[in-house]
Amino acid sequence: GQNIDQPTEMTATEGAIVQINCTYQTSGFNGLFWYQQHAGEAPTFLSYNVLDGLEEKGRFSSFLSRSKGYSYLLLKELQMKDSASYLCAVFRGGSILTGGGNKLTFGTGTQLKVEL
Amino acid sequence: DTEVTQTPKHLVMGMTNKKSLKCEQHMGHRAMYWYKQKAKKPPELMFVYSYEKLSINESVPSRFSPECPNSSLLNLHLHALQPEDSALYLCASSQDRPLEQYFGPGTRLTVT
């Protein structure tokens, strides 16, 4: 089965740092993705981790510990436009060539509100 | 071109209607996906096409019928839908490396 948990809501102040956690228990794991989704819009890719450790990408960083089934997304220098839902997603699958495709199972999402 | 397009943006249909959703990408991606997203819920995978062949069907009811006419196009044919099928339908595409999926803006479907 699949169980991917995130906090439902978080509030943070503009300019601050916020960490959004994601824990997972899944049958099969090939990597973990983070997506941002503004209300009424499509999800946009932020980062992914295949191996343990920290991946940094500008103001966004993502960390993975496969042994603990745990990931977090770190957002620095928060801006008002960062108010959105943040979705972690477990990736299971093989190569497109072998007919698998990348199967993403999304967590429940964390609604982040950035305040002045 | 790093865009996935979907038409129509909004669709209202009755339970006896037949309609189709369309998705297009010109990034050379060989995997395409349909997701369903209800309000305040995460996207749920419906179908995956790899090299124009259906590779994953997540036990979706037969009133949803996907079609991949070529490597750039993905359709979702709808027939005899129920009001609970009202949702945002998202299309996405990806290649093997890098792995990320690119999402289209979605079609907001209302079944009356």
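Coordinates for the structure precede this section.
Here's what I pulled together on the structure shown here. Small disclaimer: the values here were computed from a predicted structure and weren't measured.

1. Quick word on the sheet that holds strand 1 (residues 4-7) of chain B
Residues and elements named next belong to chain B.
Then, in step 1: The strand order across the open sheet built from four strands is 1-3-8-7, with neighbouring strands paired in antiparallel fashion. Two strands bound the open sheet, and with one partner strand each, they are strand 1 and strand 7 (64-70). Each neighbouring strand pair of the sheet contributes to a mean axis angle of 20°, computed without reference to strand direction.
Then, in step 2: In the sheet, strand 1 pairs with strand 3 (residues 18-25) via four bridges, with the strands oriented antiparallel. Considered in strand 3, the bridge of Gln6 is made with Cys23.

2. Some words on the packing of aromatic side chains
Then, in step 1: With the rule as written, the count across this model stands at 17 aromatic pairs over all chains.
Then, in step 2: With a centroid separation of 6.2 Å and 65° between ring planes, the pair formed by Phe106(A) and Phe103(B) is classed as edge-to-face. Within this pair, whereas Phe106(A) is found in strand 10 (residues 102-106), its partner Phe103(B) is found in strand 10 (residues 102-103), the two belonging to separate chains.
Then, in step 3: By relative accessible area, Phe106(A) is classed as buried at 8%.

3. Topic: the sheet that holds strand 3 (residues 18-26) of chain A
Residue and element names in this part refer to chain A.
Then, in step 1: The five strands lie next to each other as 1-3-8-7-6, forming an open sheet whose pairing is antiparallel. The strands lining the two open edges of the sheet, one partner per strand, are strand 1 (2-5) and strand 6 (53-57). Along the sheet, successive strands turn relative to each other by an average axial angle of 15°, direction set aside.
Then, in step 2: For strand 7 (residues 60-65) and strand 8 (residues 70-75), the ladder comprises six bridges, and the chain directions are antiparallel. Its bridge partner lying in strand 8, Ser61 is registered against Leu74.

4. Details of unusual backbone geometry
All names here are of chain B.
Then, in step 1: Following Thr7, the chain continues to Pro8 via a peptide bond in cis, the omega torsion being -10°.
Then, in step 2: Residue placement: Pro8 occurs in the loop between strand 1 and strand 2 (10-13).
Then, in step 3: Look at Tyr51: it is not a glycine, yet its phi comes out positive at around 50°.
Then, in step 4: Tracing the backbone shows Tyr51 in the loop between strand 5 (44-50) and strand 6 (53-57).
Then, in step 5: You can call Tyr51 partly exposed: its relative accessible area is 34%.
Then, in step 6: The phi torsion at Glu52 lies on the positive side, around 65°, for a residue other than glycine.

Calculation notes
- Residues numbered from 1 in each chain as written.
- Chains lettered and ligands numbered in written order.
- Predicted model: local features only at pLDDT ≥ 70, side-chain atom pairs only at ≥ 80, totals over all residues.
- Heavy atoms only, no water.
- Pairing = 2+ DSSP bridges.
- Helix = DSSP H or I, 4+ residues; strand = E, 2+ residues; numbered from the N terminus.
- Axes fitted to C-alpha atoms, helices over the stretch in contact; angles between N-to-C directions.
- Phe/Tyr/Trp six-rings, centres within 6.5 Å; stacked < 30°, edge-to-face > 60°.
- Buried < 20%, exposed > 50% of the residue type's maximum accessible area, 1.4 Å probe, protein only.

Structural measurements only, silent on function.
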